[in-house]
Amino acid sequence: MKLQIQPIGNSYSEQAIDLILTIQQKEFNIPITIQDQPDLLQIESFYTEAGGNFWGAFVDGELVGSIALVKFDERAGAIRKMFVKKEFRGKDLNIAQELLEVLISFCRENGIDDLYLGTITVLKAAQRFYERNHFVKIKKGNLPVKFPLMSADDVFYHLNMD
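Residues numbered from 1 in each chain as written. Predicted model: local features only at pLDDT ≥ 70, side-chain atom pairs only at ≥ 80, totals over all residues. Heavy atoms only, no water.

Caption draft 1: Representation of the sheet that holds strand β4 (residues 76-84). Read from one edge to the other, the open sheet built from seven strands follows the order β1-β2-β3-β4-β5-β7-β6, with strand pairing classed as mixed. Since the sheet does not close on itself, it has two edges, and those belong to β1 (3-7) and β6 (136-138), each with one partner. Geometrically, the sheet is characterised by an average inter-axis angle of 25 degrees between neighbouring strands, direction not taken into account. With five bridges connecting them, β1 and strand β2 (residues 53-59) associate as antiparallel partners. Across the sheet, residue Pro7 finds its bridge partner in β2, namely Trp55. Of the strands in this sheet, β2, β3 (62-73) and β4 touch helix α1 (residues 13-27), which is tilted by about 90 degrees from β3. Sheet strands touched by helix α3 (residues 95-109): β1, β2, β3, β4, β5 (114-119) and β7 (155-160). Its angle to β3, the strand with the most contacts, is close to 30 degrees. (Pairing = 2+ DSSP bridges. Helix = DSSP H or I, 4+ residues; strand = E, 2+ residues; numbered from the N terminus. Axes fitted to C-alpha atoms, helices over the stretch in contact; angles between N-to-C directions. Contact = heavy atoms within 4.5 Å.)

Caption draft 2: Structural view of a positive patch on the surface. On the surface, a cluster of positive charge is made up of Lys91, Lys124, Arg128, Arg132 and Lys137. A per-element tally of the positive patch places helix α4 (residues 124-132) first, with three residues. Note that Lys124 resides in helix α4. (Patch = residues over 30% accessible without salt bridge, like charges linked within 9 Å, V, L, I, M, F, W, Y side chains within 5 Å. Areas by Shrake-Rupley, 256 points an atom, 1.4 Å probe, with all protein chains shown as cover. Salt bridge = Lys/Arg side-chain N within 4 Å of Asp/Glu carboxyl O. Lys, Arg positive; Asp, Glu negative; His and termini not counted. Charge placed at Lys NZ, Arg CZ, Asp CG, Glu CD.)

Caption draft 3: Expanded view of the packing of aromatic side chains. Under the criterion given, the structure shown has 11 aromatic pairs. Measuring from ring centre to ring centre gives 5.3 Å for Trp55 and Phe106, while their planes differ by 75 degrees; the resulting arrangement is edge-to-face. Of this pair, Trp55 sits in strand β2 while Phe106 sits in helix α3, and the two are 51 residues apart along the sequence. With 6.0 Å between their ring centres and 55 degrees between their planes, Phe72 and Tyr116 make a pair best called tilted. Of this pair, Phe72 sits in strand β3 while Tyr116 sits in strand β5; the two residues are 44 residues apart in sequence, bridging distant segments of the chain. The buried category is assigned to Phe72, whose relative accessible area is 12%. An aromatic cluster of three or more residues is present, and its members are Phe72, Tyr116, Phe147 and Phe156. (Phe/Tyr/Trp six-rings, centres within 6.5 Å; stacked < 30°, edge-to-face > 60°. Buried < 20%, exposed > 50% of the residue type's maximum accessible area, 1.4 Å probe, protein only.)

Geometry only, nothing functional implied.
The structure is reproduced here in structure tokens:
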């Protein structure tokens with residue numbers, strides 16, 4: 001199995017939607033629809049043109065993971081759409097770690113020092129993953145004013161890369 005991580009755009013919207021909605025709805029029973037996530041239909045204008053990016057992880061040509069960066073301030077960004085297909089998770093392939101490292105090096109190259117993210121209480125493995133990667137849990141009230149809040153999120157993290 002060969003892992004390849006690359007920036008993706010609108011031509012991958014359908015595959016990204018299929019990957020993400022399946023994990024959200026079927027695996028974790030999160031009541032979220034594509035209408036709640038219009039960014040997935042306009043990856044380029046929502047992420048890339050605003051100074052962020054959207055990456056896909058491919059194994060043998062199949063999209064098995066994603067991570068995105070929303071740049072919401074001159075030196076700050078929010079991690080979004082961090083998903084890895086169930087059968088591709090874990091330390092063997094280390095896809096989540098690889099995706100996060102690609103995003104962090106993009107931030108370093110583009111002068112983004114502060115990373116924030118929101119997640120959901122039920123996603124315990126995700127929280128452990130971020131904590132292992134030195135993200136610090138913060139209160140919702142401590143998020144920057146411009147942070148792009150998702151309605152479902154109820155747990156928040158921050159990483160300062162200065």
